[in-house]
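Structural characterization, general
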Number of protein chains: 2
Amino acid sequence: MQKKYLTIYEDLVKQIQSNVWPPSSMLPSENELTSHYHTSRETIRKALNLLSQNGYIQKVRGKGSVVLDIHKFSFPVSGIESYTELAEKLQLETRTIVHTLDYLEADNDIAKILRIDPSDSVWTVERIREISGEKIILDKDYFNEMYVPLLSEEICGQSIYEHIENNLGLVIGFAQKEIVVEEPTEEDRELLDLEGFSNVVVIRSQVYLDDASLFQFTESRHRPDKFRFVDFARRVKK
Amino acid sequence: MQKKYLTIYEDLVKQIQSNVWPPSSMLPSENELTSHYHTSRETIRKALNLLSQNGYIQKVRGKGSVVLDIHKFSFPVSGIESYTELAEKLQLETRTIVHTLDYLEADNDIAKILRIDPSDSVWTVERIREISGEKIILDKDYFNEMYVPLLSEEICGQSIYEHIENNLGLVIGFAQKEIVVEEPTEEDRELLDLEGFSNVVVIRSQVYLDDASLFQFTESRHRPDKFRFVDFARRVKK
DNA sequence: ATTTTGAACTTGTATATACATGTTACGTTT
DNA sequence: AAACGTAACATGTATATACAAGTTCAAAAT
């Protein structure tokens, strides 16, 4: 079965993005959408709640759904998106350099983070992201071999996430991220075009699969002037 | 009517935080919760979806709800929380210095951001946040007078959000945030204890009310070594 | 002219039912 | 011993109904 509420959600997203419902205008009411899509009100409400969660609309009781004016394109966006997906969406002129690709016993820190035995092996990838000819980002990825048994230089040069989702059939669920600002390491200075900047922005993520198993740890080190993070947040109900 | 699904959600949050359901354990099934709370399954599912959205659990089809191990305490946390709320939660030894408090005609940039007429007036507040004796953060707030007609030095020294929600009865809905790293301005160097750091982390937020009206713009400038942002993100469905 | 009332709309909450689909464990078959 | 099948149970989707509660606007009352 294809999920009705998801197709309706995607349809409405497309309409909002193509300005059928411009910012500050009202979406049709739930009842109108119900009869338009030949479905039940609850199904429409599921689709609208998805729109609301993702920052497309604001539901106002008694009134309706206001379309929000959210420019979702920035770099890097919040959420879980691979560099390749972002680069495509933003049409960046980008190149990826696979600096190292190793299959090693996990050192203590990584083993602890990935919650595995230090004798277990881990795929370790270091990649440099070049944007318009400048080396801007250093990505260090660590994969639990239990879920990602094999990586190749070719896969790393393309998109690891694409490989994980399409070839390995794993479903990525959620991530816990941390963003901090640190001093560049020797490696940062060596591999990136830091141009005298005395800080790098470091994004550390633990990425989990659909079934809540931890499969990846990532450290993404950015030149500060090229870093931008955009977030849509709702006030938590009390 | 008090909302059942919200009370159940809050009850479960409390239980998770007090380790009744420790990380990696399973919550009772939806049917068990249904009979325990004497309600319908849909109501339980609403509560569980809230837990899932806020990173407390991961639902796994066919299995149940896994409790996640997410340390939600960091500074500053994602979401919309006032400095005062954060400081209390984290038990920071903190002091707020109200540097300026003005009621002025909006300059062009601010008027544009707040989408008001340049002849309209705006409340402008600059506050310095001192943590353990060090001046770490410079907060610059701009309020649309239509929603916030009056501010006092006392209110600014306490919590503006508390005033807005409890005294003015406004309901904060959502925010659009941007995080970037910039060079310190003259004002930053003057007002903050920058200790030679050559960057500041700048968080710019547009904050909207429940009915999607824009009422505040904020610029929060942080010393980079004291900045930390934590985010819980779900992979967007395709 | 101003205020009040109420009908007709909107979204929010709660419940019930049905079936689809993924997981697990155990007994049966091979 | 291994493979298979199936029942029992888990969550996911779709629908229907009822009522609560906020918004709007026009008619009626003051």
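Look up: the structure comes first, before these words.
Worth saying up front: this structure is predicted, and the values here are computed from it rather than measured. (Residues numbered from 1 in each chain as written. Chains lettered and ligands numbered in written order. Predicted model: local features only at pLDDT ≥ 70, side-chain atom pairs only at ≥ 80, totals over all residues. Heavy atoms only, no water.)

Moving on: unusual backbone geometry. Residue and element names in this part refer to chain B. Its identity as a non-glycine residue notwithstanding, S132 has a phi of 50 degrees, on the positive side. By secondary structure assignment, the location of S132 is in the loop between strand 4 (121-131) and strand 5 (134-144). Positioned with a positive phi, A212 is a non-glycine residue whose angle comes to about 75 degrees. Tracing the backbone shows A212 in the loop between strand 7 (200-209) and strand 8 (214-222). (Helix = DSSP H or I, 4+ residues; strand = E, 2+ residues; numbered from the N terminus.)

The next thing to look at is the packing of helix 1 (residues 4-17) of chain A against helix 3 (residues 41-53) of chain A. Residues and elements named next belong to chain A. The contact between helix 1 and helix 3 brings their axes to 8 Å, and the two run at 50 degrees. The angle between the axes of helix 1 and helix 3 places the two elements in the oblique class. As helix 1 packs across helix 3, the resulting crossing turns out to be right-handed. Together, K4, Y5, L6, I8, Y9, L12, V13 and I16 of helix 1 and T43, I44, K46, A47, L48, L50 and L51 of helix 3 make up the contact between the two elements. Split by residue class, the contact of helix 1 with helix 3 holds twelve nonpolar, one polar and two charged. (Axes fitted to C-alpha atoms, helices over the stretch in contact; angles between N-to-C directions. Parallel < 35°, antiparallel > 145°, perpendicular 65-115°, else oblique. Left-handed = near helix turned anticlockwise from the far one by under 90°. Contact = heavy atoms within 4.5 Å. Nonpolar A, V, L, I, M, F, W, Y, C, P; charged D, E, K, R; others polar.)

What follows concerns the protein's contact with DNA strand D. Close contacts around DNA strand D come from 26 residues, with A:K4, A:Y5, A:T39, B:R41 and B:R45 the closest. Near-protein atoms of DNA strand D (within 4 Å) split between backbone and bases, with sugar and phosphate holding 75%. With respect to DNA strand D, the side chain of A:Y5 contributes an N or O atom lying 2.8 Å from a phosphate oxygen. Taking A:S40, its main chain carries an N or O atom lying 3.3 Å from a phosphate oxygen of DNA strand D. Of the residues contributing to the surface near DNA strand D, the split by class is four nonpolar, nine polar and 13 charged. (Near = heavy atom within 4 Å. Polar contact = N/O pair within 3.5 Å; in protein donor to acceptor, adjacent residues only side chain to side chain.)

Let's shift gears to the interface of chain B and chain A. Size of an interface, as often reported, equals the accessible area lost when the parts are brought together. Listed as interface residues are 48 residues of chain B and, on the opposing side, 48 residues of chain A. Between chain B and chain A, roughly 4,400 Å² of surface is buried when both sides are summed, and carbon and sulfur atoms account for 50% of that area. Where chain B packs against chain A, one counts four salt bridges. Residues B:E165 and A:R235 are paired through a salt bridge, measuring 2.8 Å at the closest nitrogen-oxygen approach. Where chain B touches chain A, the interface holds 15 residue pairs in polar contact (both at pLDDT 80 or more). Of all the elements in the fold, those that place two or more residues in the side of chain B that touches chain A are helix 1 (4-17), strand 1 (57-60), helix 7 (160-167), strand 6 (172-182), strand 7 and strand 9 (228-234) of chain B. Here the side of chain B that touches chain A is composed, by residue class, of 23 nonpolar, ten polar and 15 charged. (Buried area = accessible area lost by both parts, 1.4 Å probe. Salt bridge = Lys/Arg side-chain N within 4 Å of Asp/Glu carboxyl O.)

Rotating chain B by 180 degrees about the axis while translating it 0.0 Å along that axis superimposes it on chain A, leaving an RMSD of 0.1 Å. What we have between these two chains is a two-fold relation. A share of 100% of interface residues in chain B that are also interface residues in chain A marks the association as one of identical surfaces. (Least-squares fit on C-alpha atoms with pLDDT ≥ 70 in both.)

On to the packing of aromatic side chains, then. Centre distance and the angle of the planes are the two values used to describe a pair of aromatic rings. Under the criterion given, the structure shown has eleven aromatic pairs over all chains. Their ring planes at 25 degrees and their centres at 6.0 Å tell us that A:Y142 and A:F217 sit as a pair that is stacked. Here A:Y142, found in strand 5 (residues 134-144), pairs with A:F217, found in strand 8 (residues 214-222); they are 75 residues apart in sequence, far enough to count as distant. Just as A:Y142 is buried, A:F217 falls in that class too. Geometrically, the ring pair formed by A:F174 and B:F232 is tilted, given 5.5 Å between the ring centres and 35 degrees between the ring planes. (Phe/Tyr/Trp six-rings, centres within 6.5 Å; stacked < 30°, edge-to-face > 60°. Buried < 20%, exposed > 50% of the residue type's maximum accessible area, 1.4 Å probe, protein only.)

It is worth spelling out the protein's contact with DNA strand C at this point. By nearness alone, 26 residues border DNA strand C, and A:R41, B:K4, B:Y5, B:T39 and B:K63 come closest of all. A distance of 3.4 Å separates a sugar or linking oxygen of DNA strand C from a polar backbone atom of A:G62. Side-chain polar atom of B:T43 to a phosphate oxygen of DNA strand C: 3.1 Å apart, as the coordinates give it. Those elements that provide at least two residues to the surface near DNA strand C are helix 2 (30-36), helix 3 and strand 1 (57-60) of chain A together with helix 1 and helix 3 (41-53) of chain B. Residue composition of the surface near DNA strand C, by class: four nonpolar, nine polar and 13 charged.

Residue and element names in this part refer to chain A. Membership of the largest hydrophobic core comes to 18 residues, with the highest contact counts inside it found for Y9, L12, L48, L51, Y56 and I57. Taken together, the elements giving at least two residues each to this core come down to helix 1 and helix 3. Apart from the residues lying within four places of it in its own chain, the contact partners of Y9 are A47, L50, L51, N54 and Y56. (Core = buried A, V, L, I, M, F, W, Y, C linked by side-chain atoms within 4.5 Å.)

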